[in-house]
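# Architecture and fold: a report
One letter stands for each residue in the lines below.
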Amino acid sequence: MEIRLPKSSTILFINIFILLIFTIFVYVLLYKNISLNKSKNQEVVFYQIKEKSSVLLTQVLYKYSLIKYTILEKNSLAIELIKSGFSLDTIHYELNKEFKDKPFDLHILNENMLVENSSISSDICLDLSYLKNIYKTFPLEVSVPEYMDKFQKFASYINTYIPNSNKILQLSFSYNDVGEELKELQNFLNSNSNIQAYESFIYFDDYIGNFTFKGIKSSESNNDDMEIKFQKAERMLNILQNYTYQSYDKKAGKDYLHMIYSIQNSPIFDKVKLIFGITFNENAYQRDILSIRLLSIFMFIIGALTIFLIYKLRTIELLLNYKDKFIAHSIHEIKTPLSIISINTQLREKLFGSDKFTNKIEGAIRTLENSYEDMTFLHTKDKIEYEIIDINLKKALENRVKYFDTIAQTQNRIIKLDIANNYFVKMGKIELNRLVDNNISNAIKYSYIGSTINIVLKDNILEFHSNGQKIHNPKGIFKRYKREDKNTGGHGLGLAIVSDICKKYNFQIEVESQNSINTFRYILS
């Protein structure tokens, strides 16, 4: 019974149908993958920020625990100096004289919490009345560190009534030695374009301190700004309630947002917590989803064309595979008879002596061996790694000239070797032989009958001079299957092999053709 194979059109139709199913599968897979990557990336960024913020908070609070009592002592000293009538500049100097970075600053506030005098001149007339809303009672202790937007650093402060007046001394201490960690976190936040907003606060009993930093200096704080921050903090606490982590999606105008809120305890102070919220902009994610939907629409057409092309190109692929196998098989088949011919020719020459016929046979064998070596090199050069060794170029050239001398004699050419100095080149031995052999073979093939081929080695420059027709396209002759003289035999592979070897070892190639003298110059590295 004859088995009938399905027609190509039937196979193509089945493939298209499979492609349609595959398109749906790919769409679902891509959708899930993009969504998962988005969630994973946001999760990674979230925990990175959480870790960096926690490290920074821990360092600041640790330094706070070390400096707190010093701040209290400095505050008492400042009050005593004020009572003694010293100027603010003198007090500022006394407070900072053992500190290189001058972390202490002073503000004199009136009963309305307006700055009347300050060690920071730009803060004079600053309204600090929002501080009254932070505490239920007036703070007489050193505040936990708070991030100062204006100066982009952390600071603690203490407010104390000045005796016999209605004025307040505010003494602040700046944590200047956490600048690198703060800058690292700021850079991380600013480098993530998907982070649209970041708010963070220190929560201590009923006190909410600013911990927000994005690397951009803001304007001076005012009551409205601080009220908005406190409202944000209260909203975040209400959303979190008894949870340490909450997230949800939100649509704001044309923007798709994903919000993450979290709260964590300080490892140093039990009552101190850090609450922060990250807003991710998901517009890019929505565009990606739209893109894969559009991609899925065109997938069928592209897939159908791809199948058709694969069907047409399969024949070429099979031919190329067959060619590769054929060359490998031919190399194997040529090697044995070539060896037999060479050995028997040598035995015959020993028994009966040499004559012009044996010389021609020997020349032909060596020409065939050179072609065989080229085929072998082309077939194996990408499959094996040649050992790099120091090669005595003088001896190598002498050996190769001796080998080609018989070929040259049978074709009525003479090879002369002119070596000005010895030179050692570091490369693979087989690769050096291919470079030299193909240049000599090329010179013999394309030089005039009866001419002399000169091989010159001077320093690191190797030259091959031959007398022949002018080379019109020096660059083109190094391309595979290219030959200037179509009437001369050859497969156009020899100089292509030479070019590949020179590129590998960064050898420079120069070709000159003047007054019937063709020069191939190789500058060895």
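Residues numbered from 1 in each chain as written. Predicted model: local features only at pLDDT ≥ 70, side-chain atom pairs only at ≥ 80, totals over all residues. Heavy atoms only, no water.

## Re the sheet that holds strand S15 (residues 461-467)
Two modes of strand pairing occur in sheets, parallel and antiparallel, and in both the strands are linked by backbone hydrogen bonds. Strands sit in the order S12-S14-S15-S17-S16 across an open sheet of five strands; the sheet is mixed. Edge positions in the sheet fall to strand S12 (414-419) and strand S16 (508-514), since each has one partner strand and no second. Recorded for the sheet is a direction-independent mean angle of 15 degrees between the axes of neighbouring strands. Here six bridges tie S12 to strand S14 (residues 452-458), and the two strands are oriented parallel to one another. By the bridge assignment, Ile415 is partnered in S14 with Ile453. Across the sheet, helix H7 (residues 393-410) lies against S12, S14 and S15, angled at about 170 degrees from S12, the strand it touches most. Running over the sheet, helix H8 (residues 429-446) touches S12, S14, S15 and strand S17 (517-523) and is turned about 15 degrees from S15. (Pairing = 2+ DSSP bridges. Helix = DSSP H or I, 4+ residues; strand = E, 2+ residues; numbered from the N terminus. Axes fitted to C-alpha atoms, helices over the stretch in contact; angles between N-to-C directions. Contact = heavy atoms within 4.5 Å.)

## Thoughts on the packing of aromatic side chains
Under the criterion given, the structure shown has ten aromatic pairs. With 6.1 Å between their ring centres and 80 degrees between their planes, Phe464 and Tyr522 make a pair best called edge-to-face. Here the residue Phe464 occupies a position in strand S15, and Tyr522 occupies one in strand S17, the gap between them amounting to 58 residues. The pair Phe464 / Tyr522 is uniform in exposure class, with both members buried. Look at Phe478 and Phe520: their rings are 6.2 Å apart centre to centre, the planes differ by 65 degrees, and that puts the pair in the edge-to-face class. With Phe478 in the loop between S15 and helix H9 (494-505) and Phe520 in strand S17, this residue pair connects regions lying 42 residues apart in the sequence. Phe520 shares its class with Phe478; the two are buried. Among the aromatic side chains, those forming a connected cluster through ring pairs are Phe99, Phe104, Phe173 and Tyr175. Just above the ring of Phe188 sits the side chain of Lys52; from NZ or CZ to the centre is 5.4 Å. (Phe/Tyr/Trp six-rings, centres within 6.5 Å; stacked < 30°, edge-to-face > 60°. Buried < 20%, exposed > 50% of the residue type's maximum accessible area, 1.4 Å probe, protein only. Lys NZ or Arg CZ within 6 Å of the ring centre and 35° of its normal.)

## Things to note about unusual backbone geometry
Although it is not a glycine, Met113 sits at a positive phi angle of roughly 65 degrees. The phi torsion at Asn164 lies on the positive side, around 60 degrees, for a residue other than glycine. Mapped onto the fold, Asn164 is located in the loop between strand S4 (153-161) and strand S5 (168-174). Residue class for Asn164 comes out exposed when judged on its relative accessible area of 84%.

## Thoughts on the packing of H7 against H8
Axis separation between H7 and H8 bottoms out at 10 Å; the angle between their running directions is 35 degrees. As for how H7 packs across H8, the hand of that crossing is right-handed. The residues of H8 that touch H7, namely those facing Leu393, Ala396, Leu397, Arg400, Val401, Phe404, Ile407 and Ala408, are Leu432, Asn433, Val436, Asp437, Ile440, Ser441 and Ile444. Taken together, the residues of the contact of H7 with H8 sort by class into eleven nonpolar, two polar and two charged. (Left-handed = near helix turned anticlockwise from the far one by under 90°. Nonpolar A, V, L, I, M, F, W, Y, C, P; charged D, E, K, R; others polar.)

## Quick look at the environment of Asp255
Examined against the element boundaries, Asp255 turns out to sit in strand S9 (residues 255-265). Take Asp255: its relative accessible area is 26%, and that puts it in the partly exposed class. Taking the C-alpha atoms as reference points, Asp255 and Ala284, 29 residues apart in sequence, are found 9.9 Å from one another. Contact partners of Asp255, with chain neighbours within four places excluded, come to Gln196, Lys250, Asn281 and Asn283. Polar side-chain contacts of Asp255 include one of 2.8 Å to the side chain of Asn283. (Polar contact = N/O pair within 3.5 Å; in protein donor to acceptor, adjacent residues only side chain to side chain.)

## A look at empty space enclosed by the protein
The gaps of empty space that remain are located by a probe, the size of a water molecule, rolled over the atoms. Counting across every chain of the model gives two cavities of 30 Å³ or more. Empty space within the second largest cavity amounts to approximately 40 Å³. Mapped onto the lining of the second largest cavity, the elements with two or more residues apiece are helix H1 (8-83) and helix H5 (283-352). Along the lines of polarity and charge, the residues of the lining of the second largest cavity split into six nonpolar, two polar and no charged. (1 Å grid on protein atoms, 1.4 Å probe; cavity = no way out; pocket = protein on both sides within 12 Å on 5 of 7 lines; lining within 4 Å. Points joined across faces, edges and corners; volume = space filled by probe spheres on them.)

## A short note on the pairing of strand S2 (residues 115-118)
Relative to S2, strand S1 (residues 104-109) is paired through three bridges, and the arrangement is antiparallel. Residue pairing for S2: His107 is matched across the bridge by Ser118. The loop that links S1 with its antiparallel partner S2 comprises five residues; one of these, Met113, has a positive phi angle of about 65 degrees.

## Regarding the sheet that holds S5
Strand order in the open sheet formed by five strands is S2-S1-S5-S4-S3, with antiparallel pairing between adjacent strands. Every interior strand has two partners, whereas the edge strands, S2 and strand S3 (146-148), have only one. Shown here is a sheet whose adjacent strand axes are inclined to one another by a mean of 35 degrees, direction ignored. Contacts from helix H2 (residues 88-96) reach S1, S2 and S5, with the element oriented near 145 degrees to S1.

## Let's talk about the nonpolar core
Within the largest apolar cluster, 44 residues are counted, with the highest numbers of intra-cluster contacts made by Ile49, Ile71, Leu106, Phe154, Leu169 and Ile278. For this core, the elements supplying multiple residues, two or more each, are H1, H2, S1, S4, S5, helix H3 (179-191), strand S6 (195-204) and strand S10 (272-281). Top contributing element to this core by residue count: H1, with 14 residues. Ranked by size, the runner-up nonpolar core spans 39 residues in total, among them Phe377, Tyr386, Val436 and Ile471. (Core = buried A, V, L, I, M, F, W, Y, C linked by side-chain atoms within 4.5 Å.)

## A word on the side chain of Thr160
Residue position: Thr160 is located in strand S4. Of the residues examined, Thr160 reaches a relative accessible area of 19% and is grouped as buried. Side chain to side chain, Thr160 and Asn75 meet in a polar contact 2.9 Å long.

## Considerations on H9
Every α-helix winds through 3.6 residues per turn, so residues three or four apart in the chain are directed the same way. The end-to-end C-alpha separation of H9 is 17 Å, in line with the 16 Å expected for twelve residues at 1.5 Å each. Burial runs high along H9: nine of the twelve residues are buried. Positive backbone phi, approximately 60 degrees, marks Asn506, located one or two places after H9. (Expected span 1.5 Å × (residues − 1).)

## Describing a nonpolar patch on the surface
On the surface, a nonpolar cluster with roughly 700 Å² of combined accessible area is contributed by Leu290, Leu294, Ile297, Phe298, Ile301, Ile302 and Leu305. Mapped onto the elements of the fold, Leu290 is located in helix H5. The exposure class assigned to Leu290 is partly exposed, which follows from its relative accessible area of 47%. (Patch = residues over 30% accessible without salt bridge, like charges linked within 9 Å, V, L, I, M, F, W, Y side chains within 5 Å. Areas by Shrake-Rupley, 256 points an atom, 1.4 Å probe, with all protein chains shown as cover. Salt bridge = Lys/Arg side-chain N within 4 Å of Asp/Glu carboxyl O.)

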